[in-house]
Amino acid sequence: MGGGRRRHLHYEDIISAENLLEAWKEFIKGKRKKRDVQEFQLNLMDNILELHRDLKSFKYNHGGYKAFKINDPKPRNIHKASVRDRLLHRAIYRILYHFFDKTFINDSFSCRNNKGTHKALNRFRSFTYKVSKNNTRTCWILKCDIKKFFENINHDILIGILKKYITDPKIIWLLEKVILSFS
């Protein structure tokens, strides 16, 4: 991580009931009508406290995934974790985001605060304008999609990279539970 001071991450910050509750508030946006979300919400505090206890005692195990297909606009295979596991994903994201965001290049726009599609398009237009010499030369652009990219990420390499940045072995344990839950 660049020249700045390393911020120490703590497992307890991720698994705290407060962080889990804040993660729920963020997670539920746009999902209130989903049946699985409604079922989880029926006993929300019990579910959050049970998740917290499982994490605190290291008894947490990530569940399986529900597989289905969508057309968006091309066919895609989707693997959806349970609400409980997706809530934990959000709780992890809330704590690790700021730590890792500083390590990304400026031109990485996906899933980042104050970035997104519109800013990516504006950045793209500025590159196009520059390369085309004020629209006087033809530019060529390669648009591609790597087939099953996320499904094929080597888990051992990913975990090795995370270990270089995260010193808390409890966080590594949790990230391994999540990463290795998908094969």
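Details of the structure are given in the entry above.
As the structure is a computational prediction, the values presented were derived from the model and not from experiment.

(A) The arrangement of the environment of R76 in detail. Of note, R76 is situated in strand β2 (residues 75-81). By relative accessible area, R76 is classed as partly exposed at 34%. For the pair R76 and N134, spaced 58 residues apart in sequence, the C-alpha to C-alpha distance is 38 Å. R76 has contacts with F68, K69, I70 and D145, leaving out every residue within four places of it along the chain.

(B) Representation of unusual backbone geometry. Of the consecutive residues D72 and P73, the connecting peptide bond is found in the cis state with omega at -15°. Relative to the helices and strands, P73 is located in the loop between β1 (65-71) and β2. Positioned with a positive phi, K148 is a non-glycine residue whose angle comes to about 55°. With respect to the helices, strands and loops of the structure, K148 is situated in the loop between α6 (117-131) and α7 (155-165).

(C) View of helix α5 (residues 83-101). With 19 residues, α5 should reach 27 Å at 1.5 Å per residue; the first-to-last C-alpha distance of 25 Å fits that figure. Counting buried positions along α5 gives 14 out of 19 residues, so the element sits mostly inside the fold.

(D) The packing of aromatic side chains, seen in detail. Per the counting criterion, the structure on display carries ten aromatic pairs. Seen from their ring centres, Y11 and W173 are 6.4 Å apart, and the 75° between their planes marks the pair as edge-to-face. Taken as a pair, Y11 in helix α1 (residues 11-15) and W173 in helix α8 (residues 169-179) lie far apart in primary sequence, 162 residues in all. Using a relative accessible area of 21% as the deciding quantity, one classes W173 as partly exposed. Both rings, one in W24 and one in F27, keep their centres 5.6 Å apart while their planes meet at 40°; by these two values the pair is tilted. A residue pair is termed a helical-turn pair when its members lie 3 or 4 positions apart in one helix, as W24 and F27 do in helix α2 (residues 17-27) at three residues. By relative accessible area, W24 is classed as buried at 3%. For F27, a relative accessible area of 5% gives the class buried. Through a chain of ring-to-ring contacts, the aromatic side chains of Y11, F58 and W173 assemble into a single cluster. Stacked on the ring of F27, the Lys or Arg K31 has its end atom at 4.6 Å from the ring centre. Geometry around F109 places K115 over its ring, the cationic atom sitting 4.7 Å from the centre.

Scoring rules and cut-offs
- Residues numbered from 1 in each chain as written.
- Predicted model: local features only at pLDDT ≥ 70, side-chain atom pairs only at ≥ 80, totals over all residues.
- Heavy atoms only, no water.
- Helix = DSSP H or I, 4+ residues; strand = E, 2+ residues; numbered from the N terminus.
- Buried < 20%, exposed > 50% of the residue type's maximum accessible area, 1.4 Å probe, protein only.
- Contact = heavy atoms within 4.5 Å.
- Expected span 1.5 Å × (residues − 1).
- Phe/Tyr/Trp six-rings, centres within 6.5 Å; stacked < 30°, edge-to-face > 60°.
- Lys NZ or Arg CZ within 6 Å of the ring centre and 35° of its normal.

Read these as layout, nothing more, since geometry by itself doesn't imply function.
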